[in-house]
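# Notes for the structure review
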Amino acid sequence: MKTLPPGSIIGILGGGQLARMTALAAARLGYQTHIFCPGKDEPALQVTPLHTRAAWDDRAALQKFAGAVDVVTLEWENVPIAALEAVARKAPLYPSAGVLRVAQDRIAEKTFARKIGIGTTDFTAIHSAAELAQAMKSFPLPAILKSTRMGYDGKGQVKISRPTDPAKAWKEMGGKAGILEAFVDFACEVSVIVARRADGAMEAYPAIENIHRNHILAESRAPARIPPALARQAQQIARKLAQKLGVVGLLAIEMFVLKNPGAHGHRILMNEIAPRPHNSGHWTTDACATSQFEQLVRAVCGLPFGDPAPHSRAVMHNLLGRDIEHWPDLLKKSHACVHLYGKAKTRKGRKMGHVTFLKGAW
């Protein structure tokens, strides 16, 4: 694998807070970053002078951008495949369009996981209100209907129960295709972030516990409050997925830890994957020698990986919407590491920043 020296330019597709924090980590190692994004007020644009503002379907702008950088990565897994392919013709792209084809589709990612022996929730594909109505006759309810593409923080998701009107639920879901997923009786949700280089070298962060409120990640606790054997199993799942997918960069895997093994024998089920930095990995910036963002830079530039082992226990809280107004009080708290994303507009549920509280030696 080619090693890119400091001074090289890393292209990043997307300009949100994940791109911002990746750019800051890259600068720490002496790299420049060039942001490609459609918006003009994105957080990443505040920390690097190099940027291209253009639509995802602007082929000429994409190729010019790719020709101006040494390697390209991304902060958003839903970049259109055509855009990824246009970039890959001019510059190395990590992760590849092939990885994104799986990660962009909930049915594809669960099918892939099952193919390699990783458990998932029971699911069935839904393509119309009529199919939903038919599935409701045999699929265990209650269940959750999700758009197979896009959708996050609870968007594009509808709870399905016996009284549900399938036509209304299909319209509310809002996608062209859906997936009906069974509810699972889980003890907690955990996630693992693994970094992988093109030569196959990997490093995984410990399993951490996630707590959601109103379908939005509110808190991440490191380490997860699960038995060590289960924590190791979660890491093994992450490594297997990264290897089998051929990820270069980062892969975040959200998983359910079941209270009891299901009929399939699995105690841990994969929920979703994201081949990019992840909200549940923000704690690594303050509690590890090498953050998830720096690890991404090391992966795509062909550098040796840093140590992912935490030096402190940590609890990360997202600052959602008007939570950002408490930033002066947060700065007064000992062991509080405050990160603000520079977003000008506040709205309910929007991620405006995060704060990580360090809890002492790991």
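Just above, that's the structure.
I will try to describe carefully the structure that is included in this document. What you are looking at is a predicted structure, and each value in this text was computed from that prediction instead of being measured. (Residues numbered from 1 in each chain as written. Predicted model: local features only at pLDDT ≥ 70, side-chain atom pairs only at ≥ 80, totals over all residues. Heavy atoms only, no water.)

## Some points on the sheet that holds strand β6 (residues 143-147)
Stated formally: A pair of strands is labelled paired if DSSP reports no fewer than 2 bridges between them. A run of H or I in DSSP counts as a helix once it spans at least four residues, and a run of E counts as a strand once it spans at least two, with each numbered from the N terminus. Axis definition: a line fit to C-alpha positions, over the contact stretch in the case of helices; interaxial angles, taken between N-to-C directions, run 0 to 180 degrees.
Pairing in this open sheet of four strands is antiparallel, and the strands run β5-β8-β6-β7 from one edge to the other. One side of each edge strand has no neighbouring strand; the edge strands of this open sheet are β5 (123-126) and β7 (157-160). The mean inter-strand angle of the sheet, taken between neighbouring strand axes irrespective of direction, is 25°. Pairing between β5 and strand β8 (residues 178-182): four bridges, direction antiparallel.

## Description of the environment of His127
For clarity, the cut-off: Two residues qualify as a contact provided that any one of their heavy atoms is within 4.5 Å of a heavy atom in the partner residue.
When you line up the elements, His127 lands in the loop between β5 and α6 (129-135). In sequence terms His127 and Trp170 are 43 residues apart; their C-alpha atoms lie 9.2 Å from each other. Once residues within four sequence positions are removed from consideration, His127 is found in contact with Trp170, Lys176 and Ala177.

## Quick word on empty space enclosed by the protein
Rule in force here: Of the grid points, spaced at 1 Å and generated over the protein atoms alone, those admitting a 1.4 Å probe that cannot get out make up cavities, while open sets with protein on both sides within 12 Å along at least five of seven lines make up pockets; any residue with an atom within 4 Å of a point is treated as lining. Grid points are joined across faces, edges and corners, and a volume is the space filled by probe spheres set on the points. Charged residues are taken to be Asp, Glu, Lys and Arg, nonpolar residues to be Ala, Val, Leu, Ile, Met, Phe, Trp, Tyr, Cys and Pro, and polar residues to be all remaining types, Gly included.
Scanning all chains against the criterion turns up one cavity of 30 Å³ or more. The calculated volume of the largest cavity comes to roughly 40 Å³. Around the largest cavity, the lining residues are Ser191, Val192, Ile193, Tyr205, Pro206, Ile208, Ser280, Gly281, Trp283 and Thr284. Taken together, the residues of the lining of the largest cavity sort by class into six nonpolar, four polar and no charged.

## Side note on helix α7 (residues 166-173)
Since the α-helix advances by 3.6 residues per turn, residues separated by three or four positions end up pointing in the same direction. Note the following rule: Each residue's exposure class comes from its accessible area (1.4 Å probe, protein chains only) as a fraction of the maximum for that residue type: buried when under 20%, exposed when over 50%, partly exposed otherwise. What the arc describes is the spread of directions from the helix axis to the C-beta atoms. Counting of polar contacts relies on pairs of N or O atoms within 3.5 Å, with two restrictions inside protein: one atom must be capable of donating a hydrogen and the other of accepting it, and residues adjacent in sequence are counted only when both atoms are side-chain atoms.
All of the buried residues in α7 are Pro166, Ala169, Trp170 and Met173. In an axial view of α7, the angular spread of the buried residues amounts to 100°, which keeps them on one side of the axis. Projecting away from the buried face of α7 at angles above 90 degrees are the exposed residues Lys168, Lys171 and Glu172. Where the residues of α7 are buried, they touch β5, α6, β6, β7 and β8. Looking at where α7 begins, the residue whose side-chain oxygen comes 3.0 Å from the main-chain nitrogen of Ala167 is Asp165. Positioned one or two residues after α7, Gly174 has a phi angle of 85°, which is positive.

## What to know about a positive patch on the surface
Inclusion rule: In this scheme, patches are assembled from residues that exceed 30% relative accessible area and form no salt bridge. Like charges are connected within 9 Å, while nonpolar side chains (Val, Leu, Ile, Met, Phe, Trp, Tyr) are connected within 5 Å. Here the open area of atoms and residues is found with the Shrake-Rupley method and a 1.4 Å probe, where only the protein chains shown may cover a residue. Any Lys or Arg side-chain nitrogen located within 4 Å of an Asp or Glu carboxyl oxygen qualifies as a salt bridge. Charged residues are defined here as Lys and Arg on the positive side and Asp and Glu on the negative side; His and the ends of the chain fall outside this count. In plain terms, the charge of a residue is placed at NZ if it is Lys, CZ if Arg, CG if Asp and CD if Glu.
Together, Lys40, Arg53, Lys155, Lys345 and Arg347 give the surface a local cluster of positive charge. By the element assignment, Arg347 lies in the loop between β16 (336-340) and β17 (351-361). The class for Arg347 is exposed, based on a relative accessible area of 53%.

## Description of the packing of aromatic side chains
Rules: Think of it this way: a Phe, Tyr or Trp ring, Trp meaning its six-membered ring, pairs with another when their centres are within 6.5 Å, and the plane angle makes it stacked under 30 degrees, edge-to-face over 60, tilted otherwise. Think of it as a cone above the ring: NZ of Lys or CZ of Arg counts as a charge over the ring if it is within 6 Å of the ring centre and within 35 degrees of the ring normal.
Applying the stated rule across the entire model yields four aromatic pairs. Between Phe36 and Trp56 the ring centres are 5.4 Å apart and the planes differ by 35°, which places this aromatic pair in the tilted class. Highlighted residues: Phe36 in strand β2 (residues 32-37) and Trp56 in the loop between β3 (50-53) and α2 (59-67), separated in sequence by 20 residues. Take Phe36 and Trp56: they sit in the same class, and that class is buried. In this structure an aromatic cluster arises from ring pairing among Phe36, Trp56, Phe65 and Trp76. Over the face of the ring belonging to Phe305 we find Arg197, whose NZ or CZ atom lies 5.4 Å from the ring centre.

## A look at the sheet that holds β2
To summarise the sheet geometry, strands pair through backbone hydrogen bonds and adopt either a parallel or an antiparallel arrangement. Pairing within the open sheet is parallel, and its four strands lie in the order β3-β2-β1-β4. Two strands in the sheet have a free side with no partner beyond their single neighbour: β3 and β4 (71-74). Sheet twist, expressed as the average angle between the axes of neighbouring strands with direction ignored, equals 25°. Pairing analysis gives four bridges linking strand β1 (residues 9-13) to β4, with the strands arranged parallel. Across the sheet, residue Ile10 finds its bridge partner in β4, namely Val71.

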